[in-house]
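# Fold and geometry: a report
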Amino acid sequence: MTNRVLDAAAGVASRELLEPLPPDGQLWIFGSSRGLSESEAEELLQAVDGFLEGWKAHGYPLAARRAWLHGHFLLVGADPRVAAPSGCSIDALVRTLKEVENRLGVELVGKGRVWYRDRDGEIRAVSRSEFRARAGEGFVTPETPVFDLSPSRVSEVRQGWEAPARERWHGSAFFS
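Scope of this entry: the structure provided in the associated data block. (Residues numbered from 1 in each chain as written. Predicted model: local features only at pLDDT ≥ 70, side-chain atom pairs only at ≥ 80, totals over all residues. Heavy atoms only, no water.)

## Some thoughts on the overall build of the protein chain
Note the threshold: Only DSSP runs of H or I covering at least 4 residues are called helices, and only runs of E covering at least 2 are called strands; the numbering of each starts at the N terminus. With C-alpha atoms as the basis for the radius of gyration, the globule rule is written as 2.2 Å multiplied by the number of residues raised to the power 0.38. With a 1.4 Å probe rolled over the protein chains alone, any residue whose accessible area is under 20% of its type maximum counts as buried; one over 50% counts as exposed, and the rest are partly exposed. We call two residues in contact when some of their heavy atoms are within 4.5 Å. Working definition of accessibility: Shrake-Rupley area with a 1.4 Å probe, residue cover restricted to the visible protein chains. Lys and Arg are tallied as positive, Asp and Glu as negative. Neither His nor the chain termini are counted. In this description, the location of a charge corresponds to atom NZ of lysine, CZ of arginine, CG of aspartate or CD of glutamate.
A count of helices and strands for the protein chain gives five helices and nine strands. Reading the protein chain from its N terminus to its C terminus gives the helix and strand order β-α-β-β-β-β-α-β-β-α-β-α-β-α. Taken over C-alpha atoms, the radius of gyration comes to 16 Å for the protein chain, in line with the 16 Å a tight globule of 176 residues would show. Split into buried and exposed, the 176 residues of the protein chain put 48% on the buried side. In the protein chain, the proportion of contacts linking residues at least 24 apart, taken out of those at least 6 apart, comes to 67%. Split by element, the accessible area of the protein chain, about 8,500 Å² in all, is 47% carbon and sulfur. The distance from the centre of the 22 positive side-chain charges to the centre of the 25 negative ones in the protein chain is 3 Å.

Shown next as C-alpha cells:
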C-alpha cells in the first residue's frame, strides 16, 4: 500500500494526504535538514518504499503510506485497523532513515529543528535557539508560516499543518 507520489504537494489536497489511510491512522513526520534534489528524494523514497513493502509488527504486515512534501518532509502513516505498529517496527523505520541519512549527508530524524518559510517563500530548517534569535530580531514573526511536525494522526495533517506560527506551538514557545 505504499504511495508512489514523488511530491504530494504538487497536486494533492491536504484532505487527500496518505489516502486511503483512516483519519485515526498513526503518523510520523520527518523533516530534512536541507532540501533534497530530485535524485536524492528518489533515493530516499525508494528506500522508504522498499521498507514499507515489508514493514511488519510482531509478524503482521502493516498497511502504510508515505508522502514527500515540499522537497523537505517525509510523512509515513499506518492503518491501525490492519495492524498497529510496535516500538520495534517503528525503530526499524528509523534505522532505515538513518541509513539514508548517512548516504545522503542529511538529517531526517530528531535534532529539534524548526521548519518555516522565510520572506522569500523558501523553506528553512534551523535550531530552536536560532529560530528564537530570528524572532527576537524580527526576521520571523507570529505570522511566519511554520511546519508543525508534531501531529501523530493522519487527520491532523489533512486539516493542514503549515500555518502561521501564532496558530501552532511555535506561537507560545517563541512569541509569548
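## Structural notes on the sheet that holds strand β5 (residues 73-78)
Just so we agree on the cut-off: Here, a strand pair is defined by DSSP locating no fewer than two bridges between the strands. To obtain an axis, a line is fitted to C-alpha atoms, over the contacting stretch when the element is a helix, and the angle between two such axes runs from 0 to 180 degrees between their N-to-C directions.
The sheet built from three strands is open, its strands ordered β1-β5-β4 with antiparallel pairing. Strands at the two margins of the open sheet, each flanked by one partner only, are β1 (26-31) and β4 (64-69). If you compare each strand with its neighbour and ignore which way they point, the axes differ by 15 degrees on average. Packed onto the sheet, helix α1 (residues 38-53) meets β4 and β5 and runs at close to 170 degrees relative to β4.

## Notes on the pattern of salt bridges
The condition is simple: Note on definitions: salt bridges are taken to be side-chain nitrogens of Lys or Arg within 4 Å of carboxyl oxygens of Asp or Glu.
Going through the model one piece at a time under the given rule, you end up with twelve salt bridges. Two residues, Arg66 and Asp49, come together in a salt bridge whose shortest N-O distance is 2.8 Å. Of this pair, Arg66 sits in strand β4 while Asp49 sits in helix α1, and the two are 17 residues apart along the sequence. For Arg66, a relative accessible area of 2% corresponds to the buried category. The closest approach of N and O atoms between Glu101 and Lys98, which form a salt bridge, is 3.5 Å. A residue pair is termed a helical-turn pair when its members lie 3 or 4 positions apart in one helix, as Glu101 and Lys98 do in helix α2 (residues 87-104) at three residues.

## Let's talk about the packing of α1 against α2
Note the cut-off: Orientation categories follow fixed angle ranges, with anything under 35 degrees roughly parallel, anything over 145 roughly antiparallel, 65 to 115 roughly perpendicular, and all other angles oblique. Crossing handedness: left-handed means the near helix sits turned counterclockwise from the far one by under a right angle, and right-handed means the same turn made clockwise. Under the scheme applied here, ten amino acids are nonpolar (Ala, Val, Leu, Ile, Met, Phe, Trp, Tyr, Cys and Pro), four are charged (Asp, Glu, Lys and Arg), and all others, including Gly, are polar.
Packing of α1 against α2 brings their axes to within 10 Å, and their N-to-C directions diverge by 155 degrees. Between α1 and α2, the crossing angle belongs to the class labelled roughly antiparallel. For the crossing formed where α1 meets α2, the hand is right-handed. For the pair α1 and α2, contact is made by Glu40, Glu43, Leu44, Ala47, Val48 and Phe51 and by Ser89, Ala92, Leu93, Thr96, Leu97, Val100, Arg103 and Leu104, respectively. The residue makeup of the contact of α1 with α2, split by class, is nine nonpolar, two polar and three charged.

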